[in-house]
Amino acid sequence: MSQRNPHLYITISDLHGRGVFASKNIEKGEIIEICPVLVLPPEELDTIHNTYLHDFYFLWGEKEDRCAIALGFGSLYNHSYQPNAIYQADFDYNTLDIHCIKDIKAGDEITFNYNGEPNDITPVWFDKKA
């Protein structure tokens with residue numbers, strides 16, 4: 001299944017480079033986007049660390065032995081320790097599903113915690129201070 005929300009746009013982010021923003025209000029519980037992913041085989045996981053895609057991939061699979069690049073806007077959402085969205089990997093359909101966990105107003109940037117859980121304050125690779 002694939003779904004794209006026409007009420008999303010990309011623009012310059014105060015957080016980092018570009019980001020994904022809402023052009024209309026999105027309510028808690030709504031699906032924001034269902035992003036198909038390109039899954040790379042396990043032998044390419046180490047290789048991706050030496051490419052530009054290093055900052056845009058997701059670990060993939062039950063054993064996290066593969067990586068995936070999310071299409072749509074999936075790889076452009078920025079990280080936050082106070083996110084308004086969460087991502088869920090669907091390994092059966094190879095999608096990354098983005099869900100709203102706090103009401104989002106039109107014009108707000110949509111963020112999720114790169115650690116996977118909204119309250120996980122473990123420092124991510126580019127932010128060694130939580």
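Only a predicted model underlies this, so the values are computations on that prediction, with no experimental measurement involved.

Burial of nonpolar side chains together is a common tendency in soluble globular proteins. The biggest cluster of nonpolar side chains holds 21 residues, and the ones touching the most others in it are L8, I26, I32, Y77, L96, I98 and I110. Elements with a contribution of two residues or more to this core: β2 (18-22), β3 (31-40), β4 (57-60), β5 (66-70), β7 (85-90), β8 (95-100) and β9 (109-112). Aside from chain neighbours lying at most four places away, what touches I98 is E30, I31, I32, E33, C35, Y77, A85, I86, Y87 and F112. Within the second largest apolar cluster, five residues are counted, among which are L45, Y57, C67 and I69.

So, about the pairing of β4. Relative to β5, β4 is paired through four bridges, and the arrangement is antiparallel. What sits directly across from F58, in β5, is A68. Between β4 and β5, which pair antiparallel and follow one another directly, the connecting turn spans five residues, one of which, G61, has a positive phi of 95°.

This next bit is on the sheet that holds β9. With mixed pairing, the four strands of this open sheet are ordered in space as β1-β2-β9-β6. For this open sheet the edge positions go to β1 (8-12) and β6 (78-79), each flanked by a neighbour on one side alone. The pairing of β2 with β9 spans two bridges and is classified as antiparallel. Residue pairing in the sheet places V20 in a bridge with I110 of β9.

Analysis parameters
Residues numbered from 1 in each chain as written. Predicted model: local features only at pLDDT ≥ 70, side-chain atom pairs only at ≥ 80, totals over all residues. Heavy atoms only, no water. Core = buried A, V, L, I, M, F, W, Y, C linked by side-chain atoms within 4.5 Å. Buried < 20%, exposed > 50% of the residue type's maximum accessible area, 1.4 Å probe, protein only. Helix = DSSP H or I, 4+ residues; strand = E, 2+ residues; numbered from the N terminus. Contact = heavy atoms within 4.5 Å. Pairing = 2+ DSSP bridges.

Honestly, it's all geometry; don't read function into it.
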